[in-house]
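In case you want the letters, here they are:
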Amino acid sequence: MSTLTEQIEKRRTFAIISHPDAGKTTLTEKLLLYGGAINLAGSVKGKRTAKHAVSDWMEIEKQRGISVTSSVLQFKYDGYCINILDTPGHQDFSEDTYRTLMAADSAVMVIDASKGVENQTKKLFKVCVMRHIPIITFINKMDRDAQNPFDLLEDIENVLGINTCPMNWPIGSGKEFKGVYDRKKGKILSYTANNGQREVEQEEIPLDDPDLDSKLFYGQKDTLFDDIDLLDGAGNEFDIDMVRSGQLTPVFFGSALTNFGVEPFLQEFLQLTTAPLAREAGGEMIAPDSDFFSAFVFKIQANMNKAHRDRVAFMRICSGKFDKNMEVYHVQGDRKMKLSQPQQIMAQEREVVEEAYAGDIIGVFDPGMFSIGDTIVSPGQKFAFKGIPTFAPEHFALVRQKDTMKRKQFVKGMNQIAQEGAIQIFHEPESGMEEVIVGVVGVLQFDVLKYRLENEYNVEIIMENTPYQFIRWITSEVDYKALDLASDTKVVADFRDNKLLLFRSEWSIDWALEHNKGLTLQDFGNAE
Ligand code: GDP
């Protein structure tokens, strides 16, 4: 039996972010090849690949019209216990995706070498920066024709505003991909195409190998030597403190599909990141190896099981050990309870967790008492972790109920669904819920809302598009009625009665700022 500290030291909890199709699923699968997957429902059973398991699950979710999961996979490697928090892309993208990043200790950013930084990555990246967590970059698909590696680094630096430090350097790409130069080892790791199996014959070639010329394509050796000089002379120096505070991203080049560079990446990743760190709660730092349990809810998922219409609250454990039968205290609800049916893993199968440690994620049955951001602790403790900010929605619709007699159900349904964090609701200041503006981060959430109101609350709604594209929270003390605004800008309030501005274009955001001295705006809502 290892001690609590030993258990926690071995843990790494990271989110994997990318634009759709960059290779996140493939990289995750390859990482799992190296570890014994301890909790990966679906993939083991029926010998289907993790990819199928995960996407099948999403299909099912979509048919049921419920929000799409960010799943968590746990595996062991070299004595470490690794939790990967997957973040959905495509139209499945939702505020959950952002919230998942609040539960991670670091992020792996996967970039397609032929495309560079893409839109979805930018959005997710912003949240990582806000949290100052380490971001490790994997530039994928080097076996395909890629952009010039220096251009790729420049792209990351310019678009995302983070310094880069390449840990290895590619030699060619596509048909001429010969491998990577490992800057730490000072050796070339040569690439041979294979079927992406775990056991890869990889030759390490020292730079002074007399046959180096013949092992590379014509001209590659000179380019490599020039590149190394340039990187050593003009590149950012590696600095672990900068990496750990999210100011410098170590960059690895590889090819997930052919399993090239994945294991060295994993090994380095484990050294670059730390075990779970202390988290702040009410001005105090809560150490992960404290002798009490603490966790916060970062996601609530409704209706995982249609027959039960239940909700599952996902929590990230921040300190101590979780035991299946232990009693806990829900700070916001001011009540003691046992967490019912604690489970790990969120694909088709749920496995009951016997125990879990700081760094792990568990899902518990929630009869409707938890809200996003809530704190759960051992009885006797009373602190609360800082809540989770609300992220600015990007799509807005005007929603009304068809049948005005069903007002009660409508209000109840809208409020409950908003409480779970699937949608955000706004209304005109000082007016009720006659007309509600619903904001979502991903458009799929509109379908989810319609489906759920009909099926769970028996309310039909009319949804109209609005021309609004941007929303900003007003953070300065101003009288919203006295604001000088462009005609297409609208003032609204959220459920906490914070005032916000809705804009049709970025141009009107600038207009508002220029015409109202002292007005300050923010693109996320502060947690209480
Ligand atoms: P995700 O949407 O980010 O999860 O991307 P996937 O992992 O599903 O990959 C998208 C597509 O790119 C799939 O067809 C993969 O087989 C392919 N792919 C992923 N990694 C590589 C790679 O390293 N090289 C090549 N050539 N294709 C890749």
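Quick note: structure is the one above.
Anyway, here's the lowdown on the structure attached to this text. Going along each chain's sequence as written, the residues are numbered from 1 onward. Per-residue local features are limited, in this predicted model, to residues with pLDDT of at least 70; the limit for side-chain atom pairs, both in listing and counting, is 80 or more; totals at the level of whole chains, interfaces and linings are taken over all residues.

Some remarks on the sheet that holds strand S11 (residues 204–206)
Either a parallel or an antiparallel arrangement is found when strands of a sheet pair, and the pairing is made through backbone hydrogen bonds. Note the threshold: For two strands to count as paired, DSSP must find a minimum of two bridges between them. The numbering of helices and of strands both runs from the N terminus, where a helix is a DSSP run of H or I of at least 4 residues and a strand a run of E of at least 2. With axes taken as lines fitted to C-alpha atoms, and helix axes fitted only over the stretch in contact, angles between N-to-C directions fall between 0 and 180 degrees. Residue pairs are scored as contacts if the distance between their C-beta atoms, which are placed from the backbone, is within 7 Å.
In space, the 4 strands of this open sheet follow the order S8-S9-S10-S11, with antiparallel pairing throughout. A single partner strand is all that each edge strand has here, and the edge strands are strand S8 (168–171) and S11. For this sheet, the mean inter-axis angle between neighbouring strands, taken without regard to orientation, is 30°. Relative to strand S10 (residues 187–190), strand S9 (residues 179–182) runs antiparallel, the two being bridged by 4 bridges. The residue bridging Tyr181 from the neighbouring strand is Ile188, located in S10. In the packing of helix H8 (residues 220–234) onto the sheet, the strands contacted are S8 and S9, and the crossing angle to S8 comes to about 155°.

Some words on the pairing of strand S5 (residues 106–112)
The test is simple: Once C-beta atoms are placed from the backbone, each residue is buried if 20 or more other C-beta atoms lie within 10 Å of its own, exposed if 12 or fewer, and partly exposed for counts between those two. Seen with its strands pointing away from the viewer, a crossover is right-handed if its path from the first strand over the helix to the second goes clockwise.
Counted residue by residue, S5 has 7 buried out of 7 residues, so it is predominantly covered. Of the two faces of S5, both are covered, the one formed by Ser106, Val108, Val110 and Asp112 as well as the one formed by Ala107, Met109 and Ile111. As paired elements, strand S1 (residues 11–18) and S5 share 5 bridges and run parallel to each other. Paired with Ile16 across the bridge in S5 is Val108. Pairing of S5 with strand S6 (residues 135–140) involves 6 bridges; the strand directions are parallel. Residue pairing across strands places Ala107 opposite Ile135, the latter belonging to S6. For the crossover from S5 across helix H5 (residues 119–131) to S6, the handedness is right-handed.

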